[in-house]
Amino acid sequence: MQDDLKKQAAEAALPYVQDCRILGVGTGSTVNHFIDLLAPIKHRFEGAVSSSEASTVRLQALGIPIVDLNAVGSLDVYIDGADEINSNLELIKGGGGALTREKIIAAASRQFVCIADQSKLVSRLGAFPLPVEVIPMARSYVAREIIALGGHPVWRENFITDNGNIILDIQRLDILEPMKLENTLNNITGVVTVGLFANRAADTVILASEQGIKTLSL
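Since this is a predicted model, take the numbers as computed values, not measurements.

Participant: Explain the overall build of the chain to me, and be specific about the residues and the numbers.
Facilitator: Along its length, the chain carries seven helices and 13 strands. Here the C-alpha atoms of the chain give a radius of gyration of 17 Å, agreeing with the 17 Å that 2.2 N^0.38 yields for 218 residues. For the chain, the spread of C-alpha atoms along the three principal axes comes to 50 × 40 × 30 Å. Across the 218 residues in the chain, those meeting the buried criterion constitute 53%. If you take every contact in the chain between residues at least 6 apart in sequence, the share linking residues at least 24 apart comes to 73%. When the accessible surface of the chain is summed, it comes to about 10000 Å², and 49% of that surface belongs to carbon and sulfur atoms. With 19 positive and 25 negative side-chain charges, the chain shows a spacing of 1 Å between the two charge centroids.

So, in structure tokens, the structure goes:
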């Protein structure tokens, strides 16, 4: 059932890309449905900027060319999922490990449309462990700094990001001020980026539930 809801959310995002030449495309199971749904309309797009190697492979299999973000500058629309979403459309992302490239594409996009099933909407962020991408040599130092902030960092062992870095998943966080925490964590030396999307939150969230599609925007 949850997979069906993910597909419904992905379908509801298609109208947002009707007039796009170049798409921003995220990563994850819900985005996989979105990519698959592009097959009948792939001729409309000149290309896509992809946030991960996994999404790149899937897009190329459809025949959609991959474009370097440096070559296009800014994007009209970025479609991606989330691990948690609050009422301010602030997100936790990075469960799949692509948070840095996702954050770059979100920052470079005029509209960020987040697609998810209803279970991802929470009253407060933090039950889902917060991913932090870290330069490998800084792992222990960053972990100690996170502990000092009250978090419990867990090294995601046997996982390397597409950028060649490691991830610490911060557990036991109750995120009362997402923007403030995002800035604090980003300022720790050795942190590449943090999976809090608060400074650049979603513009629109499409949520699928058994009752239908609900669209949230600020």
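On we go from here.
Participant: Which residues make up the environment of Glu11, and what values do they have?
Facilitator: Residue placement: Glu11 occurs in helix H1 (residues 2-13). For Glu11, a relative accessible area of 39% puts it in the partly exposed group. Considered as a pair, Glu11 and Gly195 are 184 residues apart in the sequence and their alpha carbons are 25 Å apart.

Participant: Tell me about the packing of helix H2 (residues 29-37) against helix H3 (residues 53-62), residues and numbers included.
Facilitator: H3 packs onto H2 with a crossing angle of 15 degrees between their chain directions and a minimal axis gap of 10 Å. One element, H2, and the other, H3, form an angle in the roughly parallel class. Both H2 and H3 take part in a crossing whose hand is right-handed. Residue-level contacts link Asn32, Ile35 and Asp36 of H2 to Ser55, Arg58, Leu59 and Leu62 of H3. Split into classes, the residues belonging to the contact of H2 with H3 amount to three nonpolar, two polar and two charged.

Participant: Break down the sheet that holds strand E4 (residues 84-85) for me, with residues and values.
Facilitator: Taken in spatial order, the three strands make up an open sheet running E4-E5-E11, and their pairing is antiparallel. A single partner strand is all that each edge strand has here, and the edge strands are E4 and strand E11 (196-197). Pairing between E4 and strand E5 (residues 91-92): two bridges, direction antiparallel. Paired with Ile85 across the bridge in E5 is Leu91.

Participant: If you had to explain the environment of Glu145 to someone new, which residues and values would you point to?
Facilitator: Counting through the fold element by element, Glu145 comes out in helix H6 (residues 139-148). Sequence separation between Glu145 and Ile188 is 43 residues; the distance between their C-alpha atoms is 7.4 Å.

Participant: So what's going on with the sheet that holds strand E3 (residues 75-80)? Residues and values would help.
Facilitator: Strand order across the open sheet formed by six strands is E2-E1-E3-E6-E12-E13, with mixed pairing between neighbours. Edge positions in the sheet fall to strand E2 (47-50) and strand E13 (212-217), since each has one partner strand and no second. Going from strand to strand, the sheet's axes swing by 20 degrees on average, the running direction of each strand aside. Here strand E1 (residues 22-25) runs beside E3; their pairing, made up of two bridges, is parallel. Bridged to Gly24 within E3 is Tyr78. Packing of H1 onto the sheet brings it into contact with E3, strand E6 (109-117), strand E12 (204-209) and E13, and relative to E12 it is tilted by some 140 degrees. The sheet contacts of H2 involve E1, E3 and E6, and relative to E6 the element is tilted by about 110 degrees.

Participant: Hey, could you go over a nonpolar patch on the surface for me, with residue numbers and the actual values?
Facilitator: Taken together, the side chains of Ile135, Met137 and Val192 present a nonpolar region at the surface, about 310 Å² in accessible area. Along the chain, Ile135 falls in the loop between strand E7 (130-134) and H6.

Participant: Provide a residue-level description of the pattern of salt bridges, including the pertinent values.
Facilitator: In this structure the tally under the stated criterion is 12 salt bridges. As a salt-bridge pair, Glu177 and Lys180 come within 3.9 Å of each other at their nearest N and O atoms. Residue Glu177 is classed as partly exposed on the basis of its relative accessible area, which comes to 49%. Counted as one network, the salt bridges with shared partners bring together Asp80, Lys93 and Glu102.

About the cut-offs
- Residues numbered from 1 in each chain as written.
- Predicted model: local features only at pLDDT ≥ 70, side-chain atom pairs only at ≥ 80, totals over all residues.
- Heavy atoms only, no water.
- Helix = DSSP H or I, 4+ residues; strand = E, 2+ residues; numbered from the N terminus.
- Rg over C-alpha atoms; globule rule 2.2 N^0.38 Å.
- Buried < 20%, exposed > 50% of the residue type's maximum accessible area, 1.4 Å probe, protein only.
- Contact = heavy atoms within 4.5 Å.
- Areas by Shrake-Rupley, 256 points an atom, 1.4 Å probe, with all protein chains shown as cover.
- Lys, Arg positive; Asp, Glu negative; His and termini not counted.
- Charge placed at Lys NZ, Arg CZ, Asp CG, Glu CD.
- Axes fitted to C-alpha atoms, helices over the stretch in contact; angles between N-to-C directions.
- Parallel < 35°, antiparallel > 145°, perpendicular 65-115°, else oblique.
- Left-handed = near helix turned anticlockwise from the far one by under 90°.
- Nonpolar A, V, L, I, M, F, W, Y, C, P; charged D, E, K, R; others polar.
- Pairing = 2+ DSSP bridges.
- Patch = residues over 30% accessible without salt bridge, like charges linked within 9 Å, V, L, I, M, F, W, Y side chains within 5 Å.
- Salt bridge = Lys/Arg side-chain N within 4 Å of Asp/Glu carboxyl O.

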